[in-house]
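# Results of the structural survey
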Amino acid sequence: MQNVKAIDNLIRQLSKLPGIGPKTAQRLAYRILFMSEESVRQMADALIEVKETIVECEICHNLTDIQPCALCRDVFRSDDILCVLEEPKDVLSIERSGKFKGRYHVLHGSISPMENIGPKDLRIDQLVRRIETGHFKEVILATNPSVEGEATSMYIARLLKGKVDHISRLAHGLPIGGELEYADELTLGYALEGRKDF
Amino acid sequence: MRLERIYLQNFTNYASQDCMFGENINVFQGENAQGKSNFLDAIYYLSRACSYRHNKDKELMRWEQPYFRIKAIVSQKNEKHTITLTYHEGKKTVLLDETPLQSLDQLAGTFLTVIFSPEDLALVKGSPDHRRKFLDDELIQTDRQYARELYRYKKIIQQRNHVLKTMRQRYEEDDLLQVYDDQLAVCGLFILQRRLAILDKLNPLAAKAHDQLTDGKEKLSLRYLCNLPGDVCGLTEKDYLKALQERRQEDVNRGYSTLGPHRDDLELTIDGHSAKTYGSQGQQRTVALSLKMAEADYIQFHEGEYPVLLLDDVLSELDGTRRESLLRLVNQNIQTFITCTDAEDMRSQTLHFEEFIIKDGKII
C-alpha cells in the first residue's frame, strides 16, 4: 500500500520516542488513525499540556506543575536528610519504597565526558548551594551503580566533604524474595561485603 | 566436551548439512574455498554465538537466504545437550535443550572451544593488544566478575581520556580527573591481579606444551610486562594512585591515559630470547600453538574437561616432527577438528581419524 503523507509524518514523529522502531511506530500510527476523534484530541492535548505546564522545581529540580513542588512543600518531611538522584523517575522509585521521609535533589543525568556531559551540565552547583544554606545532616547519594553514576557520586562527595556531617551511598544487595542459588555472583559478593549484624 | 552431531542450514556456503563426528580426531579435507574453515566457524559459533572470521552475523547467511540455523548435539561431562542458534532478521536466538535462553551470555560454558587459525600468529608477532586479548578471553570465559570489571575499566578509561582531551583545550577539571583516578585504581588493580593469577597457571602449561611440541628442544616462558612502576605483585591502590598522580601532566599533554593494564604486554621468550624479535616464522607459529594448547589445558583444569579443539590449516605450517608431536598431543582425549588440503600428511601417522571430504559446501 502506498503511504499517505500525513500518516508518514505521524510515523516519523512517533519513531522519535525511545524504544519505538519504524515497525512499532507504524502500528501505533494506524492504531491512532482508527481511534475516535475525541480520544485523539485528548491525547494531543495531553502532549501539549505536559509541555506547557510541567517545569523544574526551583528547590529540588524534580518535575512539577506547582512551584515549589509538592514534595518540597510537604511540612511532614524531614529537612535533616537529602537524597540525591539522577532522574525525576528515580524519585517515584524511592517514594514507592515508602522508607524515605526526607527531601530530594534531582541532578538530571550523570557525568559522562564521552557524551559531553560535565558537572556544569547537571544541577550540582545548585546542590552545593542547597547544602551550604540548609541544615542537612546527611546526604544519600543514590545514583546508579554504573561507571557514570559512581563517578557522579564520587565527584559530589568530594565537593560536599566538610559541608555535611554524613555522606552515604545506597547498598548493593539481594532482591527480596529471591533465592541465594539464583543470585549472580557479583550481587552476592556485594551483599556479603555489606552484611549487617543480627 | 564433545560435538556429536551438527546440522547447518543456510550457514555460509552450506545449504543444508547434517553430520556426525568421531570422538577424537576429525579431519576436513578439501581444496581451497570449498567451506572447510566455514565448518570450523560453525562449531566455534556454537560456543560463543559469534564467528571468528566475520564481524557481522549477516555475512554468515547463505547468499540470498533470510536466515541461518546451527543445531547441534553436544556432550558435557557425558550429559547430552542440544543447542540451536538461529539468526533471522538481525536477531539471534538460542535454544538450550529446546528452551529459549534470555540472553546469549547464558550459553557461556555449555560448549567450549579453543581455536587455532593462521591469524593467531599475531599472538606472537602482532601488537600487545593481541596478547592482552588472549589473557582477557581466558578470564572472561571462566570469571564473570572479570568480564564485568574489564567492561567497567574500559569505560572509565574512555571517560578519563575525554576529560584529558578537554583539559588540554579548555578548562581545568582536576576534581573530575581525581574521581576517575580513584575509580581506576580500584578497577585497574583488580584487572592486574586477576591477569597475574591466570598467568601463573598458564605459564607452566604453555611451557609443557611447547616442550612437547619441540621434543624438548626449546623452553618457552611467559612474563607479564606491567607498565606501573615498582614490584607488580605487591602493588596497592595507594601505589597505583601515586603513579597516576605522577603521570598526570604527561597524560594531560598527550590527551590520553598512558598508564595501566590497558597498555600492558605479555613477553614470550624462547630460551630467554624474545620470540617476537628473534623467533623464526616456524618458531613463532609453534609458540602461538603452545599458547592455545595451554588455553585448552587451563579450561580442562578449570572445568574438569577438555574443550573441543579447532585447528584451521595448521599442519601445512609445521615441519614433520612438530606435526607429529601436535597430533600425539591432541590424541589424548581431546576431540579435535582439523582442516587441511591433503590428508596424506596424516596418513603416515599411526593414528586413527575420521575423514570428511568437503566440496562446494557439501560433505561427500
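Residues numbered from 1 in each chain as written. Chains lettered and ligands numbered in written order. Predicted model: local features only at pLDDT ≥ 70, side-chain atom pairs only at ≥ 80, totals over all residues. Heavy atoms only, no water.

### Thoughts on the overall build of chain B
- Within chain B one finds 10 helices and 15 strands.
- Computed over its C-alpha atoms, the radius of gyration of chain B comes to 23 Å, within 12% of the 21 Å expected for a compact globule of 364 residues.
- When its C-alpha atoms are laid out on the principal axes, chain B stretches across 70 × 50 × 35 Å.
- Evaluated residue by residue, chain B yields a buried proportion of 54% over its 364 residues.
- In chain B, of all internal contacts separated by at least 6 residues, the share reaching a separation of at least 24 is 71%.
- In the structure as shown, chain B presents an accessible area of about 16900 Å², 46% of it carried by carbon and sulfur atoms.
- The positive charge centre, built from 49 side chains, and the negative charge centre, built from 56, are 3 Å apart in chain B. (Helix = DSSP H or I, 4+ residues; strand = E, 2+ residues; numbered from the N terminus. Rg over C-alpha atoms; globule rule 2.2 N^0.38 Å. Buried < 20%, exposed > 50% of the residue type's maximum accessible area, 1.4 Å probe, protein only. Contact = heavy atoms within 4.5 Å. Areas by Shrake-Rupley, 256 points an atom, 1.4 Å probe, with all protein chains shown as cover. Lys, Arg positive; Asp, Glu negative; His and termini not counted. Charge placed at Lys NZ, Arg CZ, Asp CG, Glu CD.)

### Considerations on the sheet that holds strand S15 (residues 362-363) of chain B
- As summarised here, the arrangement of the six strands in space is S8-S12-S13-S3-S14-S15 (chain B), forming an open sheet in which the pairing is mixed. Every interior strand has two partners, whereas the edge strands, strand S8 (113-116) and S15 of chain B, have only one. (Pairing = 2+ DSSP bridges.)

### Thoughts on the interface of chain B and chain A
- Chain B puts 19 residues into the contact, and the matching count from chain A is 19 residues.
- Carbon and sulfur atoms make up 60% of the area that chain B and chain A hide from each other, which totals about 1800 Å².
- Joining chain B to chain A, the criterion identifies three salt bridges.
- Taking the shortest distance from any N to any O, the salt bridge between Asp175 of chain B and Arg158 of chain A comes out at 3.7 Å.
- At the surface where chain B touches chain A, the tally comes to five residue pairs in polar contact (both at pLDDT 80 or more). (Buried area = accessible area lost by both parts, 1.4 Å probe. Salt bridge = Lys/Arg side-chain N within 4 Å of Asp/Glu carboxyl O. Polar contact = N/O pair within 3.5 Å; in protein donor to acceptor, adjacent residues only side chain to side chain.)

### Let's talk about the pairing of strand S2 (residues 14-20) of chain B
All names here are of chain B.
- Alignment of strand S1 (residues 2-11) against S2, held across six bridges, turns out to be antiparallel. Residue pairing in the sheet places Tyr7 in a bridge with Asp18 of S2.
- Once S1 ends, the chain turns through two residues before running back antiparallel as S2, passing Thr12 with a positive phi of about 45 degrees.

### Focus: the packing of aromatic side chains
Residues and elements named next belong to chain B.
- Counted under the stated rule, the structure contains 15 aromatic pairs over all chains.
- Measuring from ring centre to ring centre gives 5.3 Å for Phe11 and Phe68, while their planes differ by 80 degrees; the resulting arrangement is edge-to-face. With Phe11 in strand S1 and Phe68 in strand S4 (residues 67-76), this pair connects stretches of sequence that are 57 residues apart.
- Overall, Phe68 belongs to the buried group, its relative accessible area being 0%.
- Judged by centre distance (4.9 Å) and plane angle (90 degrees), the ring pair of Phe21 and Phe337 falls under edge-to-face. You can see Phe21 sitting in the loop between S2 and strand S3 (25-29) and its partner Phe337 sitting in strand S13 (residues 336-340), a full 316 residues away along the chain. An identical accessibility class is assigned to Phe21 and Phe337; each is buried.
- Here a set of aromatic residues connected by ring pairs shows up, and it is made of Tyr14, Phe21, Phe28, Phe39, Phe337 and Phe356. (Phe/Tyr/Trp six-rings, centres within 6.5 Å; stacked < 30°, edge-to-face > 60°.)

### Here's the deal with the sheet that holds strand S6 (residues 166-169) of chain A
All names here are of chain A.
- With parallel pairing, four strands are arranged side by side in an open sheet as S4-S3-S5-S6. At either end of the open sheet lies a strand with only one pairing partner, and these are strand S4 (103-106) and S6. Going across the sheet, the axis of each strand differs from the next one's by a mean of 25 degrees, ignoring polarity.
- Here strand S5 (residues 138-141) pairs with S6 via four bridges, running parallel. Within S6, the position partnered with Val139 by the bridge is Ile167. (Axes fitted to C-alpha atoms, helices over the stretch in contact; angles between N-to-C directions.)

### What about the environment of Ile157 of chain B?
Residues and elements named next belong to chain B.
- As for its position among the elements, Ile157 is in helix H4 (residues 144-169).
- Considering only alpha carbons, one finds Ile157 and Ser75, 82 residues apart in sequence, at a separation of 41 Å.
- Apart from residues no more than four positions distant in its own chain, Ile157 is found in contact with Leu184, Ser257 and His262.

### Details of the nonpolar core
- The biggest cluster of nonpolar side chains holds 132 residues, and the ones touching the most others in it are Leu3, Ile6, Phe39 and Leu326 of chain B.
- Examining the composition of this core, we find that 19 residues originate from one element, helix H5 (residues 174-213) of chain B, more than from any other.
- In contact with Ile6 of chain B, other than residues within four places in its own chain, are Gln17, Asp18, Cys19, Phe21, Phe39, Ala42, Ile43, Leu46, Ile70, Lys71 and Ala72 of chain B.
- In terms of nonpolar packing, the next biggest core, distinct from the first, is built from 15 residues, Cys60, Cys83, Leu85 and Ala142 of chain A among them. (Core = buried A, V, L, I, M, F, W, Y, C linked by side-chain atoms within 4.5 Å.)

### Looking at the pattern of salt bridges
Residues and elements named next belong to chain B.
- Across all of its chains, the model carries 31 salt bridges over all chains by this definition.
- Across the pair Lys80 and Glu4 runs a salt bridge whose closest N-O atoms are separated by 3.1 Å. Separated by 76 residues along the polypeptide, Lys80 in strand S5 (residues 79-88) and Glu4 in strand S1 bring together distant segments of the chain.
- Looking at Lys80, the relative accessible area reads 55%, which means it is exposed.
- Take Glu4: its relative accessible area is 24%, and that puts it in the partly exposed class.
- One salt bridge in this structure joins Arg254 and Glu250, with 3.1 Å as the shortest N-O distance. You can see Arg254 and its partner Glu250 sitting in helix H6 (residues 237-254), four residues apart, about one turn around the helix.
- Note on Arg254: relative accessible area 41%, which makes it partly exposed.

### Let's talk about the domain arrangement of chain A
- In terms of domains, chain A is made up of domain 1 (5-52) and domain 2 (78-169).
- Each of domain 1 of chain A and domain 2 of chain A has a C-alpha centre, and the two are 35 Å apart. (Domains from an automatic or database assignment.)

### Quick look at the side chain of Thr84 of chain B
Residues and elements named next belong to chain B.
- Its place among the elements puts Thr84 in strand S5.
- Exposure remark for Thr84: the relative accessible area of 6% places this residue in the buried category.
- Ignoring anything within four residues of it in the chain, the contact list for Thr84 reads Arg69, Ile70, Lys71, Thr93, Val94 and Leu95.

### A short note on the environment of Asp215 of chain B
Residue and element names in this part refer to chain B.
- Along the chain, Asp215 turns up in the loop between H5 and strand S9 (220-225).
- In sequence terms Asp215 and Ser325 are 110 residues apart; their C-alpha atoms lie 7.4 Å from each other.
- Setting aside residues no more than four positions away along its own chain, Asp215 makes contact with Thr321 and Arg328.

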